[in-house]
Amino acid sequence: MRDETAGTAIRVRRREAGDLDACVRVLAAVHGRDGYPVDWPAAPAAWLCGAAPLAAWVAEADGAVIGHVGLGAGTGGDAAPGLWSAREGVAAEPTAVVGRLFVAPGARGRGAGALLMAAAVEEARLRGLHPVLDVVASDRGAAALYERLGWTLLATVEQEWGPDRRVAVRAYAAPRPGG
């Protein structure tokens, strides 16, 4: 996938093991500016790889990694799969969770986030899965992107992130194919 509308072409491709150091550097810049992820992981490269990822992609411009997204199976901590399955009246297994999405602060506004999301959605659908995601409710920029892309807000729920720590999370589902 490419977007050449804003000068330098943005290319989205599968993440490779050799991309992880660059991804961690971009993630650190995002964390410093936006506070994402909320809690900096002890092992950021392992955090990016997730527990059981189905696939992951990077966005590049001028040969440099500028963004990342992953696709994985839902875990017990994800709200969106259960909310989507309850709404659809099906088991939660036919979902894939989009996560670990970020774009370098200096590369935003050029469509990299939308291209990364499109790659994750396409892969989920190729696997016969419906894409869903959770986002911290305070992350208005991410929520605005998902809504611009046609994702449906399923609910805002509180999750327990530790003793005496509850965080509001917005759960979203991708639009139906062709919808």
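Residues numbered from 1 in each chain as written. Predicted model: local features only at pLDDT ≥ 70, side-chain atom pairs only at ≥ 80, totals over all residues. Heavy atoms only, no water.

Participant: It is not clear to me how the pairing of strand β5 (residues 95-103) should be interpreted in this structure. Could you clarify?
Facilitator: The buried fraction of β5 is high, at seven of nine residues. Alignment of strand β4 (residues 64-72) against β5, held across five bridges, turns out to be antiparallel. Bridge pairing in β5 places Gly67 opposite Val103. Bridge count for β5 against strand β6 (residues 130-136) is three bridges, and the pairing is parallel. Each bridged residue has a counterpart across the sheet, and for Ala96 the counterpart in β6 is Pro131. (Buried < 20%, exposed > 50% of the residue type's maximum accessible area, 1.4 Å probe, protein only. Helix = DSSP H or I, 4+ residues; strand = E, 2+ residues; numbered from the N terminus. Pairing = 2+ DSSP bridges.)

Participant: Mind showing me how you'd approach the nonpolar core here?
Facilitator: As a rule of thumb, soluble globular proteins bury nonpolar side chains together. Among the nonpolar cores identified, the biggest contains 44 residues, and Trp57, Tyr146 and Trp151 are the most heavily contacted of them. In terms of nonpolar packing, the next biggest core, distinct from the first, is built from eight residues, Ala79, Val132, Leu154 and Ala173 among them. (Core = buried A, V, L, I, M, F, W, Y, C linked by side-chain atoms within 4.5 Å.)

Participant: How should I be thinking about the packing of aromatic side chains in this particular structure?
Facilitator: In this description, an aromatic ring pair is defined by two values, namely the gap between the centres and the angle between the planes. The full count for this structure, using the stated rule, is three aromatic pairs. When the centroid spacing of 6.2 Å and the interplanar angle of 45° are considered together, the rings of Tyr146 and Trp151 count as tilted. This pair shows no difference in class: Tyr146 is buried, exactly as Trp151 is. Ring-pair connections join several aromatic residues into one group, and the members of that group are Tyr146, Trp151 and Tyr172. (Phe/Tyr/Trp six-rings, centres within 6.5 Å; stacked < 30°, edge-to-face > 60°.)

Participant: What's the story with helix α1 (residues 20-34) in this structure? I'm lost.
Facilitator: Three- or four-residue spacings in an α-helix give side chains the same orientation, since the helix completes a turn every 3.6 residues. Over its 15 residues, α1 runs 20 Å from end to end, which matches the ideal 21 Å to within 8%, given 1.5 Å per residue. Looking at the buried residues of α1, the elements they touch are α2 (44-49), β3 (53-61), β4 and β5. Two residues or fewer past α1, Gly35 is found with a positive phi of approximately 75°. (Expected span 1.5 Å × (residues − 1). Contact = heavy atoms within 4.5 Å.)

Participant: Please clarify how the pattern of salt bridges should be interpreted in this entry.
Facilitator: It is possible for side chains of opposite charge to pair when their charged atoms get near one another. Summed over all chains, the structure comprises 13 salt bridges. A salt bridge links Glu60 to Arg13; the nearest nitrogen and oxygen atoms lie 2.9 Å apart. Residue Glu60 is found in strand β3, and its partner Arg13 is found in strand β2 (residues 10-14); the two are separated by 47 residues along the sequence. Side by side, Glu60 and Arg13 carry an identical accessibility label, which is buried. For Glu123, the salt bridge is made with Arg127, and the minimal N-O distance between the two is 2.8 Å. Note on Glu123: relative accessible area 12%, which makes it buried. (Salt bridge = Lys/Arg side-chain N within 4 Å of Asp/Glu carboxyl O.)

Participant: Help me understand the environment of Gly82, please; the structure alone is not making it clear to me.
Facilitator: Following the sequence through the fold, Gly82 ends up in helix α3 (residues 80-88). Of the residues examined, Gly82 reaches a relative accessible area of 37% and is grouped as partly exposed. A sequence separation of eleven residues divides Gly82 from Glu93, and the C-alpha atoms of the two residues are 9.2 Å apart.

Participant: Could you clarify how one ought to interpret helix α4 (residues 112-126) in this entry?
Facilitator: For α4, which comprises 15 residues, the first-to-last C-alpha distance of 21 Å matches the rise-based estimate of 21 Å (1.5 Å per residue) to within 8%. Within α4 the residues assigned to the buried category are Ala112, Gly113, Leu115, Leu116, Met117, Ala119, Ala120, Val121, Glu123 and Ala124. Directly after α4, the chain includes Gly128, whose backbone phi takes a positive value near 75°.

Participant: Just to check I follow, could you spell out the pairing of β4 for this structure?
Facilitator: Consecutive side chains along a regular strand alternate between the two faces of the sheet. Of all nine residues that make up β4, eight are buried, and the element is covered over most of its length. Alignment of β3 against β4, held across eight bridges, turns out to be antiparallel. For Glu60, the partnering residue across the bridge sits in β4 and is Val65. Counted between consecutive antiparallel strands, the loop separating β3 from β4 contains two residues, among which Asp62 sits at a positive phi close to 55°.

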